[in-house]
Structure formats: structure tokens, C-alpha cells
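# Summary of structural features
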Amino acid sequence: DKVEVSKRLTSSPAALVQPQWGMSPQMERFMKAQAVAMGQPEAMGSTASTAILEVNADHPVLAKLEGLVRDDRDSADAKDYAQLVYDVAAVTSGYEIANPTAFAQRVTRL
């Protein structure tokens, strides 16, 4: 829900980071496993939604995304590319992506 221009990213296009007191992706998985073991799988919602997407505005991937959005922000290419940037940030930050099949399809369409 929140996107910020990063002051720390240098070689990556984007990363998902937790706020100061947020739960890490590893802790989230542990807590979900505990909830399932206790018979309460619905007790743990996803904390990935509280993560902040930090973007490296100087990265070529973001420059390409900006160009796609400038050309036609509602195009399938722009939406796919934006989702791909988010998914790659999630994976590299330790999160699981919600739909690995759709992720693979976006990658192969490149």
C-alpha cells in the first residue's frame, strides 16, 4: 500500500521492507506454522501487506516501467511489468508470492 523512493538501494530495482516494528517474512512463516499447529490457521493474516515497497529510482528497470506507464498506464504491459517489479521485490526480500503460476507467466512473456 505504501511506496517510497529508497535511499539505501543501489543495485536492486526494489525491495519490500517492514516498518520499524514490523514482522519479518521468516517470523511471519513461523507464526503461521504455529497457528496451523494449534488448529487456528485463520488466526494469522499476511503481514506482507504492511511492508513498504522501496524503489530505486535510478535503476534501469524503474526507468523502463516509467516509460511503459508514460506510454499507456492502463496497458497490459505496464501492469504486468509493475506486478513483476513487486513480485521480484517480494521474493528477494524473503516473502512468498501469492500466485507463482502468474509470476512465471509474466516472466515468460518478457
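### Section: the pattern of salt bridges
- The tally for this structure, following the rule as stated, stands at 5 salt bridges.
- Its salt-bridge partner being Lys 2, residue Glu 4 comes within 3.2 Å of it at the nearest N-O pair.

### Focus on the sheet that holds strand β2 (residues 14-17)
- Strand order in this open sheet of 3 strands is β1-β3-β2, and the pairing throughout is mixed. In the strand order of this sheet, the two ends are held by β1 (2-5) and β2, each with one partner. In this sheet, adjacent strand axes meet at a mean angle of 25° when their direction is disregarded.
- When β2 meets strand β3 (residues 52-55), the two strands line up antiparallel, connected through 4 bridges. Residue Val 17 lies in a different strand from β3, and its bridge partner there is Ile 52.
- Those strands touched by helix α3 (residues 76-92) are β2 and β3, and its axis lies near 55° from that of β2.

### Considerations on the packing of helix α2 (residues 60-72) against α3
- Axis separation between α2 and α3 bottoms out at 9 Å; the angle between their running directions is 150°. Compared by their axis directions, α2 and α3 come out roughly antiparallel. Read as a crossing pair, α2 and α3 show a hand that is left-handed. Between α2, through Val 61, Lys 64, Leu 65, Leu 68, Val 69 and Asp 72, and α3, the contact on the second element is made entirely by Asp 77, Ala 78, Tyr 81, Ala 82 and Val 85.
- A per-class count over the contact of α2 with α3 returns 8 nonpolar, no polar and 3 charged.

### Let's talk about the side chain of Gln 18
- With respect to the element layout, Gln 18 can be found in the loop between β2 and α1 (25-37).
- Accessibility expressed as a relative area gives 19% for Gln 18, which makes it buried.
- Looking at Gln 18, its side chain comes within polar contact range of the side chain of Tyr 95, at 2.6 Å.

Here is what the cut-offs are and how they apply
- In this convention, every chain numbers its residues from 1, walking through the sequence in written order.
- The predicted origin of the model limits local features to residues at a pLDDT of at least 70 and limits the giving and counting of side-chain atom pairs to 80 or more, whereas totals for whole chains, interfaces and linings rest on all residues.
- To obtain the side-chain values, all non-hydrogen atoms of the structure were included, while hydrogens and water were left out.
- The term salt bridge refers to a pairing of a side-chain nitrogen on Lys or Arg with a carboxyl oxygen on Asp or Glu at a separation within 4 Å.
- When DSSP locates at least two bridges between a pair of strands, those strands are taken to pair.
- Put simply, DSSP H or I for four residues or longer makes a helix, DSSP E for two residues or longer makes a strand, and each gets a number counted from the N terminus.
- Interaxial angles span 0 to 180 degrees and are taken between N-to-C directions of axes, which are lines fitted to C-alpha atoms, for helices over the stretch in contact.
- For this analysis, residues touch if any pair of their heavy atoms sits within 4.5 Å.
- Any angle from 65 to 115 degrees is called roughly perpendicular, while one under 35 is roughly parallel, one over 145 is roughly antiparallel, and all others are oblique.
- If you view the pair so one helix is near and one far, a crossing is left-handed when the near helix is turned anticlockwise from the far one by less than a right angle, and right-handed when it is turned clockwise.
- Each residue is assigned to one of three groups, with Ala, Val, Leu, Ile, Met, Phe, Trp, Tyr, Cys and Pro labelled nonpolar, Asp, Glu, Lys and Arg labelled charged, and all others, Gly among them, labelled polar.
- Only protein chains enter the calculation, and the probe is 1.4 Å; a residue is then buried if its accessible area is under 20% of its type maximum, exposed if over 50%, and partly exposed in between.
- Distance and chemistry together define a polar contact, namely a pair of N or O atoms within 3.5 Å, with one atom able to donate a hydrogen and the other to accept it when in protein, and with adjacent residues in sequence counting only for side-chain atoms on both sides.

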